[in-house]
Amino acid sequence: MQIKNICCIGAGYVGGPTMAVIALKCPHINVTVVDANPDKIKAWNGPLDKLPIYEPGLAEVVGEARGRNLFFSDDIPNNIEKAEMIFMAVNTPTKTEGEGAGMAADLRYVETCARDIAKYSKSDKIVIEKSTLPVRTAEKIKEILEENSTDIHFEILSNPEFLAEGTAIQDLFKSDRVLIGGDETQSGQKAVQALVDIYSNWIPKEKILTTNVWSSELAKLASNAMLAQRISSINSLSALCEKTGANIDELSKAIGMDHRIGPHFLKASVGFGGSCFQKDILNLVYLCKHYGLDEVAEYWHQVVKINDYQKDRFAQKIIDHFGGDLKNKKILILGWAFKANTNDIRESPAIDVSKKLYKNGANLEIYDPIVEQNKIYKVLKSWEKFKNDIIIKQNQSSEIEFYDAIVLLTEWEVFKSYNYQSNIIFDGRYFLRKIYE
Ligand code: UDX
Ligand code: UDX
């Protein structure tokens, strides 16, 4: 099947960069990204230095392809109708109410997407799950599509995204693998091939892995769970290091030099953040419970519990340092993003740590070099008993005046060059260890 028009629903951290790269690498295909939020579309069409997402290299890619074969639009019906292939890249947060609250993925946006696709389609479509979804969601999407339209054939593929924020463009250029799950029927395999053909424009064939839909859906959850598990493992050992006098960086290096283990994702930290790890593991836990696999569920749940423990333990260490009372203690929080090189703050450990310090009476000032001040303020405002008494700094000079403590929560490169003088530093990213010790 020759694909000429692609539509992607969801212009977020996944949809935006992924479609920009597909458009760049496939100049013969028109790629249109639509979103229910017209302000977001306006920003995607606006100045390149003010795109809604901060991601190194993204502005250059958008600058080259936008207006040529990459478009951002709020006209959802027409773009659905026009496309032969539709990506669903809407968000799938953890459910906050109803069955599975706090665990299961909230599929309401995916379902809205499916209903829209059914409503506006006038010809056969390949529908692709880009969002991370629980296993067997494709079945549900198919049901919605078929209930809401007649005489149109929909082929559902799973094509999970493995990009990490901060390196999204490089990850998309040079993916370790591209995973495509499809039905084993003839039409399913034809659809798989159509998507393989698109990625083959820049990804070597041996890195494109095709599987059945369920393996593909589950592989995404399992990959994130395994990555997060390594972080929780090393973080759990950091607690033991602090008791015994072992050094967690030395331990991590020694463990990672075993080629069977490898050095990646073994950096101890204040805990992992981001929109994926916690959500996907909870989702996995929920799935296991659903299938009666309580031991398996408990095993993976522990990864999230250790992460919560690590964030709490880190904040407690600061409180204990000051004898259990932070009243009149002036503390500078450095970093609000969940990791460096992104303006994404979802599940950022900086939020949990700051909240606990604030609750214990600290006098906080916050600085992040990229995260917008209004985004930080929105979080603070949601805190119970927030008295509007936290300063969100617009700038931070490299000469840091006296604070009772500096708390480093994002590994922004610029923080390394600061002159910390006589400040006490709590380094949640272990990257200033020399100064710290
Ligand atoms: C993605 C995935 O889709 C999620 O499953 C994965 O686990 C993490 O990454 P992400 O791109 O990070 O989500 O989410 P976000 O940046 O919030 O973007 C989603 C976009 O979809 C938003 O711009 C939102 O406005 C849009 N949206 C949402 C719609 O256009 N329609 C809807 O019905 C819901
Ligand atoms: C993750 C997966 O890496 C990616 O494949 C998937 O598509 C989405 O989820 P992301 O959350 O964007 O990507 O970033 P990642 O680099 O994985 O970092 C997640 C969190 O783990 C960050 O808070 C980071 O600081 C932390 N981390 C990472 C550690 O604490 N230690 C490490 O060694 C690595």
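Before any of the text, the structure's been laid out above.
Computed from a predicted structure; not experimentally measured.

Draft legend 1. Fine view of the overall build of the protein chain. Helices and strands together make up the secondary structure of the protein chain, namely 15 helices and 13 strands. The C-alpha radius of gyration of the protein chain comes to 23 Å, within 12% of the 22 Å expected for a compact globule of 437 residues. Overall, the protein chain is about 70 × 50 × 45 Å in size when its C-alpha atoms are taken along their principal axes. By the burial criterion, 54% of the 437 residues in the protein chain qualify as buried. Within the protein chain, counting contacts between residues at least 6 apart in sequence, those at least 24 apart form 73% of the total. Total accessible area on the protein chain is roughly 20,500 Å²; 51% of this is exposed by carbon and sulfur atoms. Across the protein chain, the 53 positively charged side chains and the 59 negatively charged ones have centroids separated by 3 Å.

Draft legend 2. Structural context of the sheet that holds strand E11 (residues 391-392). Strands sit in the order E11-E10-E9-E12-E13 across an open sheet of five strands; the sheet is parallel. Only two strands of the sheet have a single partner each, and these edge strands are E11 and strand E13 (425-427). As defined by bridge partners, strand E12 (residues 405-408) adjoins E13 across three bridges and the pair is classed as parallel. Residue pairing in the sheet places Ile406 in a bridge with Ile425 of E13.

Draft legend 3. Inspection of helix H5 (residues 108-120) at higher detail. Taking 1.5 Å per residue, 13 residues should reach 18 Å; H5 reaches 18 Å between its end C-alpha atoms and fits that length. Buried within H5 are the following residues: Val110, Glu111, Cys113, Ala114, Ile117 and Ala118. Down the axis, H5 shows its buried residues gathered within 155° of arc, on one side only.

Draft legend 4. Geometry of the packing of aromatic side chains. Counting across every chain of the model gives 11 aromatic pairs. Their ring planes at 10° and their centres at 4.9 Å tell us that Trp44 and Phe72 sit as a pair that is stacked. Here the residue Trp44 occupies a position in helix H2 (residues 38-44), and Phe72 occupies one in strand E3 (residues 70-73), the gap between them amounting to 28 residues. Taken as a pair, Trp44 and Phe72 share a single burial class, namely buried. Ring centres 5.0 Å apart and planes at 80° place the aromatic pair Tyr299 and Trp300 in the edge-to-face group. On the accessibility criterion, Tyr299 (49% relative accessible area) is partly exposed. Classification of Trp300 as buried rests on a relative accessible area of 13%. An aromatic cluster is present here, built from Tyr358, Tyr377, Trp383 and Phe386 joined pairwise through their rings. In this structure, Lys25 packs its charged tip against the face of Phe173, placed 4.5 Å from the ring centre.

Draft legend 5. Fine view of the pattern of salt bridges. Under the defined criterion, the tally for this structure stands at 21 salt bridges. Ionic pairing is found between Arg115 and Glu111, a salt bridge with its closest N-O pair at 4.0 Å. Highlighted residues: Arg115 and Glu111, both in helix H5, separated by four residues, approximately one helical turn. Linking Lys279 and Asp280 is a salt bridge whose minimum nitrogen-to-oxygen distance equals 3.2 Å. You can call Lys279 buried: its relative accessible area is 12%. Among the ionic contacts, a cluster of salt bridges with common partners joins Glu111, Arg115 and Lys140.

Conventions and cut-offs
Residues numbered from 1 in each chain as written. Chains lettered and ligands numbered in written order. Predicted model: local features only at pLDDT ≥ 70, side-chain atom pairs only at ≥ 80, totals over all residues. Heavy atoms only, no water. Helix = DSSP H or I, 4+ residues; strand = E, 2+ residues; numbered from the N terminus. Rg over C-alpha atoms; globule rule 2.2 N^0.38 Å. Buried < 20%, exposed > 50% of the residue type's maximum accessible area, 1.4 Å probe, protein only. Contact = heavy atoms within 4.5 Å. Areas by Shrake-Rupley, 256 points an atom, 1.4 Å probe, with all protein chains shown as cover. Lys, Arg positive; Asp, Glu negative; His and termini not counted. Charge placed at Lys NZ, Arg CZ, Asp CG, Glu CD. Pairing = 2+ DSSP bridges. Expected span 1.5 Å × (residues − 1). Arc of directions from axis to C-beta. Phe/Tyr/Trp six-rings, centres within 6.5 Å; stacked < 30°, edge-to-face > 60°. Lys NZ or Arg CZ within 6 Å of the ring centre and 35° of its normal. Salt bridge = Lys/Arg side-chain N within 4 Å of Asp/Glu carboxyl O.

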